Amino acid sequence: MMTWAGAGARLAESFPGFLGAGWVRGGAESREWHMLYRFADEASLSGWEESAQRRWWLSGAPGTVREAQTERRTGIEGWFDAAHGSVVGPAPAGAPARWRQMIVIFSVFLPLSLLVNATLGAALAGHVPLLVRVALVTTLMTPVMTYLALPWATRKLQWFLEGRPAPWRRRR
């Protein structure tokens, strides 16, 4: 299985936008494997998924291999998922350095936190106990950060997360 999975990763490497591949098993005794691919953008991923090379590779699978589920992750939300199973191949390449992730999160969290605490927190300060206020602000901020602010910041700061020069500093 590992030889076959490695061959698929080597095939994917030749496609534009390829950033890395790997595979994990559900557990030490599990017969279920999960293939992981990372591409620069949706068009690059589609090029690989719709390719004759990928179809040929899948047709040569040992035993019974089937595509049961596909997940697509973009932005920062997939970087912090808990690990399931054990990595048995090369780790997917391209995850930004943790310090870069921290800076992006901080740059979004600080202004939003200040705004919410200065408005809602201040309005509730004399009427609601601190624990309830903090719980309310956290409950409101978590979905805003997860579904709106961080995905937006991740797109806007992709150059920083990838360690590339800022758009205004690139040579034309």
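For every chain, the first residue of the written sequence is number 1, and numbering continues from 1 onward in sequence order. The model is predicted, so local features are restricted to residues of pLDDT at least 70 and side-chain atom pairs to those at 80 or more, both for listing and for counting; the totals for chains, interfaces and linings are taken over all residues. No hydrogens and no water enter the side-chain calculation; it runs on all heavy atoms of the structure.

Asks: Outline the packing of aromatic side chains, supporting the account with residue identities and numerical values.
Replies: For Phe, Tyr and Trp, rings pair up if their centres lie within 6.5 Å, where Trp contributes its six-membered ring, and each pair is then called stacked (planes under 30 degrees apart), edge-to-face (over 60) or tilted (otherwise). One pass over the full model with this rule turns up 8 aromatic pairs. Taking 5.6 Å as the distance between ring centres and 80° as the angle between the ring planes, the aromatic pair formed by phenylalanine 18 and phenylalanine 39 counts as edge-to-face. Within this pair, whereas phenylalanine 18 is found in strand β1 (residues 18-25), its partner phenylalanine 39 is found in strand β2 (residues 33-39), the two being separated by 21 residues in sequence. Accessibility expressed as a relative area gives 11% for phenylalanine 39, which makes it buried. Ring geometry for tryptophan 48 and tryptophan 57: centres 6.2 Å apart, planes at 40°, overall tilted. In this pair, the class of tryptophan 48 matches that of tryptophan 57, namely buried. Through a chain of ring-to-ring contacts, the aromatic side chains of Trp4, Phe15, Tyr37, Trp48 and Trp57 assemble into a single cluster. Over a ring means this: the NZ of a Lys or the CZ of an Arg is within 6 Å of the ring centre and within 35 degrees of the ring normal. Here arginine 100 stacks its cationic end above the ring of phenylalanine 160, 4.8 Å away from the centre of that ring. Only DSSP runs of H or I covering at least 4 residues are called helices, and only runs of E covering at least 2 are called strands; the numbering of each starts at the N terminus. Three exposure classes are used, based on accessible area relative to the maximum for each residue type with a 1.4 Å probe and protein chains only: buried under 20%, partly exposed in between, and exposed over 50%.

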